[in-house]
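Here is how the chains run, residue by residue.
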Amino acid sequence: MKLLIKNGRVIDPASGINEERDVLIEKGKIAAVEKKGSISESSLDGAKIIDANGCVVAPGFIDMHVHFREPGFEYKETIESGAESAAAGGFTTVAVMPNTNPVNDVRSITEMIVSIAKAKAIVNILPIGAITKGLKGETLTEMADLKEAGAVAFSDDGMPVSSNEIMRRALEYSHMLDLPLIQHSEMKDLTAGGCMNESIVSTELGLGGMPREAEDIMVYRDISLLPRTKGRLHVAHISSGNSVELVRQAKAKGLPVTCEVAPHHFILTDECVRGYDTNTKMSPPLREQWDIDMIKEGLRDDTIDIIATDHAPHDTVDKEVEYAKACFGIVGLETALPLTMKLVDEGVLTLEKAVEKLTITPAKLFDLDKGTLKPGSVADVVIFDPEKAYKINAAEFKSKSKNTPFDGWDVKGQIVHTLVQGKIVYSNT
Amino acid sequence: MNPVVLNSQQISRAISRIAHEIVEKNSGCDNLALVGIRTRGVPFAKRLQAKIKSIENVTLQLGILDITLYRDDIQTGRSHPEIRSTEIPFPVEETKIVLCDDVLFTGRTIRAAIDELMDFGRPAGVQLATLIDRGHRELPIRPDYVGKNIPTSKSQLIKVRLNEEDGEDQVILVDAPQ
Amino acid sequence: MQYSQKHLLGIKGLSKEDILAVLNAADTFKVYTQRDIKKVPTLRGRTIINMFFEPSTRTRTSFEIAGKRMSADVINIAGSSSSVVKGETLVDTVKNLEAMNCDILIIRHGEAGAAELAARHLSNPVINAGDGYHEHPTQALLDLMTIREHKQELEGQKVTIVGDIAHSRVARSNIYAMKTLGMDVSVVGPPTMIPADMEKMGVKVFHNLEKGIKDADVIMMLRIQMERQNKTFFPTLREYSNLFGLNLQKLKKAKKDVLILHPGPVNRGIEISTDVIDGPHSVILNQVTNGVAIRMALMYLLLGLSDETVN
């Protein structure tokens, strides 16, 4: 089965292509990326043709930070529904965090996730194993076993590794396996009882504060451990301006640290919390304009390597409650492109750079053989209309959960088709 | 032009007559007190008090009722009149009280006023004086003293304007706008 | 002057006119509360639900008396948040009350924003009787009423609030109200009890009691929560009391006719000495009296407005 995507603007940062090209897909792989019109349709006898006129054709997006809640919290999201949400957002590969119930801290759970994904998921699902048993921060998991079962990284996301000793050993041990640790950086003793950024807004609302120093201190500690341990550190969802600076300095010293930012952290400030909408409650919390400015600077100079959504589905049961009692997090897969397009509109990133941070860069950081349209690569492709304006409608999300503060926002940038291994898994028509 | 139903002189004469009637009916001023209902019942009562003083050389006790909290239409969806204080500076118990109001219409205000008065004690009797009786009673209430009976349609408004509140003495009949 | 809001969820967002409308009405209601027969029939047949998820004697009783004096049926629900433990959410509880046609919901809750959450699910008025560390608007209104009674004017008065500002909804509501009315507000407490960016609320911050109360017209002492000691906000009650407790000696720094307010309940000898509590400057019991009048006024003002007349 052949498929031709013609008339689109191909953006493939890995091969430096950013121009109108036609893409030929054959047997689930990219067969050719040629000058527009140079692949003769008559030679393709019966090939399916997608006219991508006015659209961008790019490698499928890769999100290294999602929560699909299976096993344990299937009422919020399953691997199947999460994968559909991913496809609708243009993502062809997502890495699922281990804070399920039971936690993905043993081979059998990793294998279960892989097998459910194989049976039901329409995009590629990559498991992330836990750093410590039960995310308790006490005992290392059998990382080698987890790796063999398919884990691409380790993280105790949501329950940061607070013990200095355990973090040191985890970095040393994961170095042996050549896999990165993803740290949710938060000194929990500084954020205890908190549910939003500590600022004039938390003061006025009477909500417990989560100061940015809680993030900064752990980022600094983890970076400090890198030279001795030689481990690779990936800082999850960076939100503090100071932490961006810490990562920048560490990179300047050549230390193996990378980081990601979630769209809400470069768009929203803690001012949104006024009114107690629990869809503004996330961890790390929404911070201040200064932090956003620092994050944008970090995106510009590549201190911040990639964009990841921290897709955190929650049912209304977990959100339609008192602010302090609500669960942290929002869904993000289906709003990632239009929110990232705002960075492009503001001139923070070029469109090519934005695509890079959603494709080839995460692939490189996590050693994935993905994220490019080079001939011979697997045909994971996204086709999107960067100019298409519309209103975000959470009710239409493919995700089981609709918890987003962006419902009703006027945005532009819409996914038209998503292809995994040459097969169309999502079409917005 | 809205028809003037009472001019300044006619108001004065009506009050004068009512004062005489009150004294006559009660055989003097013993145990008698006046209570004006806010807003324009208050100057009306004060004028009666002055007139009775000139007739009998007795200054009757004077009280003021704000019946807002005793109304039966409090939740009809309009915003509230500002409530002002009720002042009854004498014992109500065993006193004959003449309630004074400018216009008697449905009788609901008087019902509220009687209710409030009762919360101050058990009067020997309650009488009612009104400057204008415009009819359309919705409760079995009748005045003891009337300045003038004016037949009206329900949609019309009677506007009593008194010097103390409005800078002039006049009663006019207004056709309410649709 | 009219109260323009559908609810009373907080002082923030109220205009000067809204605040004065309540204070003026309360002045009149206070006269009613001093009669022999204190009950008026205004809210006959109306149902007021007093839902307290936190223990409170004073505020709950004050609302209950206010409602009963207006002839409303007042129902107390002691929500020990136990129903929440059993699985019923606040929203479900509120929807049930809505289904039972409650005319006013009064809610006290341990979490900030709870009153706003309730109001989103109730078509009738909600009065916030204290939500977490957020607001306690009726307390601020009764405090202002008390200050106005004694000082006549509110504008320009110099007020100092002393104590655990960070964990005080009373302080927040008062600061909003006082700033709206053009009063001069200072706060005093150890830095551990002053929340982030406090100055942005338009108040002066002091860590020294004598400096903070210098020339004050009004001093508001906040209750110190004994149970908070172990959270390292201050080392010992003894040291707190030495530094921030108000006594006659320290009181000399304030104006001669200074008023002492306290939202209660008072820890005698800790944040405030007994001779100050019972002394001539204290108006603590006037606050309690005025609380009933303020709450009657609010019930009257809230039930008088239909949806169409509220923006």
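Quick notes on the rules
- Residues numbered from 1 in each chain as written.
- Chains lettered and ligands numbered in written order.
- Predicted model: local features only at pLDDT ≥ 70, side-chain atom pairs only at ≥ 80, totals over all residues.
- Helix = DSSP H or I, 4+ residues; strand = E, 2+ residues; numbered from the N terminus.
- Rg over C-alpha atoms; globule rule 2.2 N^0.38 Å.
- Buried ≥ 20, exposed ≤ 12 C-beta atoms within 10 Å, placed from the backbone.
- Contact = placed C-beta atoms within 7 Å.
- Pairing = 2+ DSSP bridges.
- Right-handed = clockwise from strand over helix to strand, strands pointing away.
- Core = buried A, V, L, I, M, F, W, Y, C linked by C-beta atoms within 7 Å.
- Nonpolar A, V, L, I, M, F, W, Y, C, P; charged D, E, K, R; others polar.
- Axes fitted to C-alpha atoms, helices over the stretch in contact; angles between N-to-C directions.
- Domains from an automatic or database assignment.
- Expected span 1.5 Å × (residues − 1).
- Left-handed = near helix turned anticlockwise from the far one by under 90°.
- Parallel < 35°, antiparallel > 145°, perpendicular 65-115°, else oblique.

1. With respect to the overall build of chain C
Piece 1. Within chain C, the regular secondary structure consists of twelve helices and nine strands.
Piece 2. In terms of overall size, chain C behaves like a compact globule, its C-alpha atoms giving a radius of gyration of 19 Å where 311 residues would be expected to give roughly 19 Å.
Piece 3. For chain C, buried positions account for 51% of its 311 residues.
Piece 4. Taking all contacts inside chain C whose residues are at least 6 apart in sequence as the whole, residues at least 24 apart take part in 74%.

2. Some points on the overall build of chain B
Piece 1. When helices and strands are tallied, chain B shows four helices and eight strands.
Piece 2. Secondary structure elements of chain B, listed N to C terminal, follow the sequence β-α-β-α-β-β-α-β-β-β-α-β.
Piece 3. For a compact globule of 178 residues, the expected C-alpha radius of gyration is about 16 Å, and chain B comes in at 16 Å, within 12% of that figure.
Piece 4. Put simply, chain B has 178 residues, and 37% of those count as buried.
Piece 5. Partitioning the intrachain contacts of chain B with sequence separation of at least 6 by distance along the chain shows that 68% fall at a separation of at least 24.

3. Remarks on the pairing of strand S14 (residues 257-261) of chain A
Residue and element names in this part refer to chain A.
Piece 1. Extensive coverage of S14 is indicated by the burial of five of its five residues.
Piece 2. The side-chain alternation of S14 yields two buried faces, one formed by Val257, Cys259 and Val261 and the other by Thr258 and Glu260.
Piece 3. Of the pairings in the sheet, the one linking strand S13 (residues 233-235) to S14 comprises three bridges and is parallel in character. Bridged to Leu233 within S14 is Val257.
Piece 4. Crossover handedness for the path S13 to helix H9 (residues 241-252) to S14: right-handed.
Piece 5. As paired strands, S14 and strand S15 (residues 306-307) are joined by two bridges and run parallel to one another.

4. Observations concerning unusual backbone geometry
Piece 1. A cis amide bond, omega 0°, links A:Asn101 with the succeeding residue A:Pro102.
Piece 2. Structurally, A:Pro102 can be placed in the loop between strand S7 (91-96) and helix H2 (107-120).
Piece 3. The peptide bond linking B:Arg38 to B:Thr39 adopts the cis configuration, its omega dihedral lying at 5°.
Piece 4. Within the secondary structure, B:Thr39 is located in the loop between strand S2 (32-37) and helix H2 (41-56).
Piece 5. Its identity as a non-glycine residue notwithstanding, A:Asp178 has a phi of 55°, on the positive side.
Piece 6. Here A:Asp178 lies in the loop between helix H4 (164-177) and strand S10 (181-183).

5. Topic: the nonpolar core
Piece 1. Formed by 274 residues in total, the largest nonpolar core has its most connected members in B:Leu48, C:Val22, C:Ala297 and C:Met299.
Piece 2. Top contributing element to this core by residue count: helix H12 (residues 284-303) of chain C, with twelve residues.
Piece 3. Each residue touching C:Ala297, except ones within four places of it in the same chain, is listed here: C:Val22, C:Ala25, C:Ala26 and C:Phe29.

6. Brief notes about the interface of chain A and chain C
Piece 1. At the interface, 17 residues of chain A touch 20 residues of chain C.
Piece 2. Considering every element that reaches the side of chain A that touches chain C, the biggest residue donor is helix H6 (residues 200-205) of chain A, with five residues.
Piece 3. Within the side of chain A that touches chain C, the residues separate by chemical class into seven nonpolar, five polar and five charged.

7. A few points about the sheet that holds S14(A)
Residue and element names in this part refer to chain A.
Piece 1. In spatial order, the strands read S9-S10-S13-S14-S15; together these five strands make up an open sheet with parallel pairing. Each edge of the open sheet carries a strand with a single partner, namely strand S9 (154-155) and S15.
Piece 2. Looking at chain direction, S10 and S13 are connected through three bridges and run parallel. Pairing of Ile182 across the sheet is with His234, part of S13.
Piece 3. In the packing of H9 onto the sheet, contacts are made with S13 and S14, and the angle to S14 comes to roughly 150°.

8. Quick look at the environment of A:Met341
All names here are of chain A.
Piece 1. When you line up the elements, Met341 lands in helix H13 (residues 336-346).
Piece 2. The exposure class of Met341 is buried, given the 21 C-beta atoms found within 10 Å.
Piece 3. Considered as a pair, Met341 and Ser377 are 36 residues apart in the sequence and their alpha carbons are 26 Å apart.
Piece 4. When sequence neighbours within four positions are dropped, the list of residues in contact with Met341 reads Pro386, Lys412 and Gly413.

9. Quick notes on H13(A)
All names here are of chain A.
Piece 1. When H13 is considered as a whole, its buried residues turn out to be Ala336, Leu337, Pro338, Leu339, Thr340, Met341 and Leu343.
Piece 2. On its buried side, H13 packs onto helix H10 (263-267), helix H11 (289-300), S15, helix H14 (351-358), strand S16 (381-391) and strand S17 (410-420).
Piece 3. At the exit of H13 stands Gly347, carrying a positive phi of roughly 85°.

10. Considerations on the sheet that holds strand S3 (residues 61-65) of chain B
Residue and element names in this part refer to chain B.
Piece 1. Sheet architecture is open: five strands sit in the order S3-S2-S4-S5-S6, paired in parallel fashion. At either end of the open sheet lies a strand with only one pairing partner, and these are S3 and strand S6 (145-149). With direction set aside, neighbouring strand axes in the sheet form an average angle of 25°.
Piece 2. Sheet analysis places strand S5 (residues 125-133) next to S6, joined by four bridges and oriented parallel.

11. Things to note about the arrangement of the chains
Piece 1. Contact analysis covers two pairs of chains in contact, and the most contacts occur between chains A and C.
Piece 2. Over all C-alpha pairs, chain A and chain B never come within contact, reaching a minimum spacing of 27 Å.

12. Quick notes on the domain arrangement of chain C
All names here are of chain C.
Piece 1. When the domains of chain C are assigned, the result is domain 1 (16-134 + 288-309) and domain 2 (137-287).
Piece 2. At the interface, 21 residues of domain 1 touch 19 residues of domain 2.
Piece 3. Looking at the side of domain 1 that touches domain 2, the elements with two or more residues in it are helix H1 (16-33), strand S4 (126-131) and H12.
Piece 4. Looking at the side of domain 1 that touches domain 2, the element that brings in the most residues is H12, giving seven residues.
Piece 5. Here the residues of the side of domain 1 that touches domain 2 sort into ten nonpolar, seven polar and four charged.

13. Side note on the environment of B:Pro91
Residues and elements named next belong to chain B.
Piece 1. Tracing the chain through its elements places Pro91 in the loop between S3 and strand S4 (96-104).
Piece 2. A count of 12 C-beta atoms within 10 Å places Pro91 in the exposed class.
Piece 3. Separated by 58 residues in the primary sequence, Pro91 and Ala33 have C-alpha atoms spaced 9.9 Å apart.

14. A short note on the pairing of strand S5 (residues 56-59) of chain A
Residues and elements named next belong to chain A.
Piece 1. Across two bridges, the pairing between strand S1 (residues 2-12) and S5 is parallel. Its bridge partner being in S5, Arg9 is matched across the sheet by Val56.
Piece 2. Pairing analysis gives four bridges linking S5 to S16, with the strands arranged antiparallel. Bridged to Val57 within S16 is Ile383.

15. A short note on helix H7 (residues 213-224) of chain A
Piece 1. Under the 1.5 Å per step criterion, the end-to-end length of H7(A) is 16 Å for twelve residues, consistent within 8% with the ideal 16 Å.
Piece 2. Listing the buried residues of H7(A) in full gives A:Ala214, A:Glu215, A:Asp216, A:Met218, A:Val219, A:Asp222 and A:Ile223.

16. Digging into the packing of H13(A) against H14(A)
Residues and elements named next belong to chain A.
Piece 1. Viewed as axis vectors pointing N to C, H13 and H14 meet at an angle of 145°, and their least axial separation amounts to 9 Å. Crossing geometry of H13 relative to H14 is assigned as right-handed. Between H13 and H14, the contacting residues are Thr340, Leu343 and Val344 on the first element and Leu351, Ala354 and Leu358 on the second.
Piece 2. Of the residues belonging to the contact of H13 with H14, the class tally is five nonpolar, one polar and no charged.

17. Details of the packing of helix H6 (residues 137-151) of chain C against helix H7 (residues 169-180) of chain C
Residue and element names in this part refer to chain C.
Piece 1. For the pair H6 and H7, interaxial distance at closest approach is 8 Å and the crossing angle is 55°. With respect to H7, the element H6 is oriented oblique. Here the hand of the crossing between H6 and H7 comes out right-handed. Across the interface between the two elements, Pro137, Gln139, Ala140, Asp143 and Leu144 from H6 touch Val170, Ser173, Asn174 and Ala177 from H7.
Piece 2. Of the residues contributing to the contact of H6 with H7, the split by class is five nonpolar, three polar and one charged.

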